[in-house]
Structures are given as C-alpha cells and as structure tokens.
2 protein chains.
Amino acid sequence: MTTEAESQHTKDTNKPGVPHGMPVFGASGRRIIYDEDGKPCRTCNTLLDFKMVTHAQKDPKSSGSSTNPALSSTAVSAMTIPMKKAAETTQYAKDEPPDVEQLGKASWSLLHTLAARYPNEPNAEQQSDMGQFISLFAKLYPCWFCAKDFKKYIEENKPVLESQEKFGRWLCDAHNSVNVKIGKPKFDCNLWRQRWKDGWDNVDDKLKK
Amino acid sequence: MTTEAESQHTKDTNKPGVPHGMPVFGASGRRIIYDEDGKPCRTCNTLLDFKMVTHAQKDPKSSGSSTNPALSSTAVSAMTIPMKKAAETTQYAKDEPPDVEQLGKASWSLLHTLAARYPNEPNAEQQSDMGQFISLFAKLYPCWFCAKDFKKYIEENKPVLESQEKFGRWLCDAHNSVNVKIGKPKFDCNLWRQRWKDGWDNVDDKLKK
C-alpha cells in the first residue's frame, strides 16, 4: 500500500508538500510525507522517519536529517541502490497464507488506524462511508465464524460514528469484547489514542514496567 | 477478530460442525473450525492446527491429534489455564501505532485473504459487495497518498470480480504495481493461490532455495 506519490516524491524534489524548514528525507532514505496541514503524517511514513521528523520539529538543530542537498542526495542514493538490487531479484520467501491470528491482527490494525485518521467532526457522507465499510467488512471478513460474530456484535452495538473519539472508543470496545472471549487481557480504552494514533512518547504511563 | 463461535466451541463439544472421524481439538488447544463443506477452514484456525488437521485428514493414524476424550480434555486444560492468567493481567506492551509499512502489510494480508475466500462463481450481490468494499477501501485508506494512488489504480484498472481466480490475479497485479514503484521484487501471479490461499506444501517449487 505504498504507492506512486511516494516514488514520484523521490524524483521530484520540488514537489509541493514539504513545509518550510522541515526535512525532505528521512533516515530510511524515503521522502517524508506531510499531511495537508503541514504536519508529518504518521501513517504515511516509517516509524523511524516519523520519529526523526517529529524530533526535528521540536529541535531542528539536533536532528540527523536535513534539507541540505548533500545529505538528501546521499539519502536518495542509499534508497535507490538497494531498490535496483531488489527489483532484479526473482526469489522470495515462501510465506504461508495468513492464519486466523495473523488475519485478526492485520485486520484490527487496519480498523484502528481507520479510526485514528477518521475526522474529529465527520460530515454525513464520511459517517455513511465508514458505516458502510464496517458493515461490508463484517459481511465479507474471510474467516466465516469471526465474521458471523462480528456481524452479531455490530447488530447489538451499532458503530458510533459521530466523532473520531467516539468511533475510536467503539472500536476499542469491540476489540475488547473479542479479547475477553478468547481470554486475552482487555485494553484500557482511555489509552486508545496512544496505542493507535499518537504513540506513547508524551504519556505519563504508570503501566510501564 | 477471533470471536464468540470459537469460545462457544470450547464449551460445547457436541456442537455440530466437526465431520465424522475428524479431530475436535488442535495442538494449540483450540477447537478446530471446519467450513460448511466439512473441510478445515484455513483462515479460521492457527497455521499449526490447520497443518495438523490436514495431515490427519490424509493419514489419521499418524496424527498427534484425536477425538479421544482424554486428549481433548488435556488440550482444553492447556488452553484454559493460560487464558485465565492472561485475563487477570492488566499490563500490556506499549506498541506504537502502525507505520506505513506495517499498515501496508496488514492491508494487503486482508485484501489477498478476501480474494482467497471469494467464491469461484460469485453471484451479482457478491460481486457488488466486493466492488463496493474495494472502492470504500480506496476512499478511506488511512495513509492519504497511498489512498490517492490506489484510487487512481482502480480507476485505470477496474477490479475484476467475475471469479475467485480473476479477482485473485487482479489483486496480485495491483500489489505488483506497488512493488515495482517502491523497488520491491514482483511476485509471480501464477503462484497467488499458493501464497494467499492453499499454501506451498504440494507445489513443485523451483524457486525454493
């Protein structure tokens, strides 16, 4: 799911979208992707690059990244060379199809991230789109008994789509209902934003071991 | 995404759905989930259990699993004890929100598995549902530039939904178009069923190292 815009960014350094004074490339060699409001996009960058650029935002002098052309050039080379090698390779790992646990983990990741990027004040179309997506997800989910149970859950607990916070909490509750059924610990839904949206950096976390 | 049916199965050993002579429990202690046609469900079981039960299907004598009540009881205990421990735990790992790579990997896993479970001969409603799901997925995908590119891709390459094989190949091609853009090796789409549906066990695989 990483696509054209990103590869175009690597070719076109003048492409708009990099706020003044902010890094162009990340430590991974990828171009940093910013949201339309100029903030670095967490779900569009690798975690390494996102951490680097948010650190740079707080203290530009201490950042390892730069808009310095020399550094950018090195970063591009570092990215381009392994890319060529990879493209020439015809062998790949024989990974097995996802099992029920991998499929569940992957699907919860997508759903919670959808909530993390859902608008704070969604309009009628956005609420309708997300409601329809959740409904189709429950209908099509490729583990039949999980799908059946999820469908039952959303019949009894209609998705709450009036705001990002409400949708995030609804999903957290839905996930917890499954956690309880299969004997996993419940997640504290007061922390859903740290887990799925903002990260833990600025949290006074008493749960830390 | 593992839910009520599974936990109910652990309580009700007489629940229908286990074909005659087939194992009730897997090596993981979970109850084996079968499809409506009596075949073990790959996406509803752990890989370990699925492999165990398909092995048992070919050669019942050599299987480590059994419908023997003593073994089933051991398996249930093995599952129940750690489940209780987990439920009492209030600490959990402070995982970071998914980055662009984790989100991409998770999403491709879900999409390819949707294709793997898509009907061979889908009716009009099934085709419409999947078309709508793909369209909403492209609209809502929580990395904005990836979503934009995927939307463009499906505008230029309309999803092919007439059969499982066609949809599976269409998705494989879509994934490859991204692989090429980011310098990853292309996947041989003749092998999409092995990678995402059937596994590699019975394949004369010349790519094996």
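Residues numbered from 1 in each chain as written. Chains lettered and ligands numbered in written order. Predicted model: local features only at pLDDT ≥ 70, side-chain atom pairs only at ≥ 80, totals over all residues. Heavy atoms only, no water.

K.L.:
Describe helix α6 (residues 144–156) of chain B, listing the residues and the values that go with them.
P.N.:
Taking 1.5 Å of rise per residue, 13 residues should cover 18 Å, and α6(B) covers 19 Å from first to last C-alpha, within 8% of that figure. Of the positions making up α6(B), those classed as buried are Phe145(B), Cys146(B), Ala147(B), Asp149(B), Phe150(B), Tyr153(B) and Ile154(B). (Helix = DSSP H or I, 4+ residues; strand = E, 2+ residues; numbered from the N terminus. Expected span 1.5 Å × (residues − 1). Buried < 20%, exposed > 50% of the residue type's maximum accessible area, 1.4 Å probe, protein only.)

K.L.:
Tell me about the nonpolar core, and name the residues and values.
P.N.:
Counting 80 residues, the largest nonpolar core has Phe167(A) and Phe167(B) as its most contacted members. Excluding anything up to four places from it in sequence, Phe167(A) contacts Leu114(A), Ala115(A), Tyr118(A), Met130(A), Ile134(A), Val160(A) and Leu161(A). (Core = buried A, V, L, I, M, F, W, Y, C linked by side-chain atoms within 4.5 Å. Contact = heavy atoms within 4.5 Å.)

K.L.:
So, the pattern of salt bridges: which residues are in play, and what are the values?
P.N.:
Under the counting rule described, the total for this entry stands at 16 salt bridges over all chains. When the shortest N-O distance is used, the salt bridge between Glu125(B) and Lys139(A) registers 2.7 Å. Of this pair, Glu125(B) sits in helix α5 (residues 124–140) while Lys139(A) is found in helix α5 (residues 124–140), placing the two residues in two different chains. For Asp35(B), the salt bridge identified is with Arg117(B), shortest N-O distance 2.9 Å. Pair noted here: Asp35(B) is in the loop between α1 (4–11) and α2 (47–58) and Arg117(B) is in the loop between α4 (100–116) and α5, with a separation of 82 residues, a long-range link. Owing to a relative accessible area of 16%, Asp35(B) belongs among the buried residues under this scheme. Relative accessible area serves as the criterion here: at 32%, Arg117(B) is assigned to the partly exposed category. Connected through salt bridges with shared partners, the residues Glu125(A), Asp129(A) and Lys139(B) form a single ionic network. (Salt bridge = Lys/Arg side-chain N within 4 Å of Asp/Glu carboxyl O.)

K.L.:
I'd like to hear about the state of the cysteines, residue by residue, with values.
P.N.:
This model, assessed by the stated rule, comprises six disulfides over all chains. Disulfide pairing places Cys172(A) opposite Cys189(A) at an S-S distance of 2.1 Å. An S-S torsion of about -95° defines the bridge between Cys172(A) and Cys189(A) as left-handed. Taken together, the residues Cys172(A) in helix α7 (residues 164–181) and Cys189(A) in the loop between α7 and α8 (192–198) connect sequence positions 17 residues apart. The residue that forms a disulfide with Cys41(B) is Cys44(B), at a sulfur-sulfur distance of 2.2 Å. Of note, the bridge from Cys41(B) to Cys44(B) carries an S-S torsion of about 55° and is right-handed in sense. Comparing Cys41(B) with Cys44(B) shows no difference in burial state: the two are buried. If the cysteines joined by disulfides in chain A are listed in sequence order, their pairing comes out as 1-2, 3-4, 5-6. (Disulfide = S-S within 2.5 Å.)

K.L.:
Describe the packing of aromatic side chains, with residues and values.
P.N.:
Both the distance between ring centres and the angle between the ring planes are used here to describe each pair of aromatic rings. Per the stated rule, a full pass over the model turns up 15 aromatic pairs over all chains. Between Phe137(A) and Tyr141(A), the ring centres sit 5.2 Å apart and the planes meet at 45°, which makes this aromatic pair tilted. Each member of the pair Phe137(A) and Tyr141(A) is classed as buried. A ring pair is formed by Trp144(B) and Phe145(B), whose centres lie 6.0 Å apart and whose planes are at 80°; its orientation type is edge-to-face. Relative accessible area serves as the criterion here: at 0%, Phe145(B) is assigned to the buried category. Grouped by ring-pair contacts, the aromatic residues Trp108(A), Phe137(A), Tyr141(A) and Phe150(A) constitute a single cluster. (Phe/Tyr/Trp six-rings, centres within 6.5 Å; stacked < 30°, edge-to-face > 60°.)

K.L.:
Describe the packing of α5(A) against α5(B), naming the residues involved and giving the relevant values.
P.N.:
Relative orientation of the contacting elements α5(A) and α5(B) amounts to 130°, with a least axis distance of 10 Å. By the angle between their directions, the pair α5(A) and α5(B) is classed as oblique. Where α5(A) crosses over α5(B), the two elements pack in a sense that is left-handed. Contact residues: α5(A) offers Glu125(A), Asp129(A), Met130(A), Gln132(A), Phe133(A), Leu136(A), Phe137(A), Lys139(A) and Leu140(A), while α5(B) offers Glu125(B), Asp129(B), Met130(B), Gln132(B), Phe133(B), Leu136(B), Phe137(B), Lys139(B) and Leu140(B). For the contact of α5(A) with α5(B), a count of residues per class yields ten nonpolar, two polar and six charged. (Axes fitted to C-alpha atoms, helices over the stretch in contact; angles between N-to-C directions. Parallel < 35°, antiparallel > 145°, perpendicular 65-115°, else oblique. Left-handed = near helix turned anticlockwise from the far one by under 90°. Nonpolar A, V, L, I, M, F, W, Y, C, P; charged D, E, K, R; others polar.)

K.L.:
Which residues make up α4(B), and what values do they have?
P.N.:
In this model, α4(B) (17 residues) spans 24 Å end to end at C-alpha, consistent with the 24 Å of a helix rising 1.5 Å per residue. Among the 17 residues of α4(B), 14 are classified as buried, and the element is accordingly described as predominantly covered.

K.L.:
Tell me about the UniProt feature "domain: ERV/ALR sulfhydryl oxidase" (unreviewed entry) in chain A, and name the residues and values.
P.N.:
Here the UniProt-annotated "domain: ERV/ALR sulfhydryl oxidase" (unreviewed entry) positions come out as residues 96–196 of chain A. The span residues 96–196 of chain A shows a helical share of 69% and a strand share of 0%, and its end C-alpha atoms are spaced 27 Å apart. (UniProt positions renumbered as here; feature names shortened; annotations may be inferred.)

K.L.:
A description of the environment of Ala115(B) should follow, citing residues and the corresponding values.
P.N.:
Residues and elements named next belong to chain B. As for its placement among the helices and strands, Ala115 is situated in helix α4. Overall, the relative accessible area of 1% leaves Ala115 in the buried class. Apart from the residues within four sequence positions on either side, Ala115 is in contact with Gln164, Phe167, Gly168, Leu171 and Trp192.

K.L.:
Mind laying out a positive patch on the surface, listing which residues take part and the relevant values?
P.N.:
Among the surface-exposed residues, Lys105(A), Lys184(A), Lys105(B) and Lys184(B) lie close enough to one another that they form a single positively charged patch. Note on placement: Lys105(A) falls in helix α4 (residues 100–116). (Patch = residues over 30% accessible without salt bridge, like charges linked within 9 Å, V, L, I, M, F, W, Y side chains within 5 Å. Areas by Shrake-Rupley, 256 points an atom, 1.4 Å probe, with all protein chains shown as cover. Lys, Arg positive; Asp, Glu negative; His and termini not counted. Charge placed at Lys NZ, Arg CZ, Asp CG, Glu CD.)

K.L.:
Give me the lowdown on the packing of α4(A) against α4(B), citing residues and values where you can.
P.N.:
As a packed pair, α4(A) and α4(B) sit with axes 8 Å apart at the nearest point and diverge in direction by 120°. The way α4(A) lies across α4(B) gives a crossing that is left-handed. Contacts from Leu103(A), Ala106(A), Ser107(A), Ser109(A), Leu110(A) and Thr113(A) of α4(A) reach α4(B) at Leu103(B), Ala106(B), Ser107(B), Ser109(B), Leu110(B) and Thr113(B). Residue composition of the contact of α4(A) with α4(B), grouped by class: six nonpolar, six polar and no charged.

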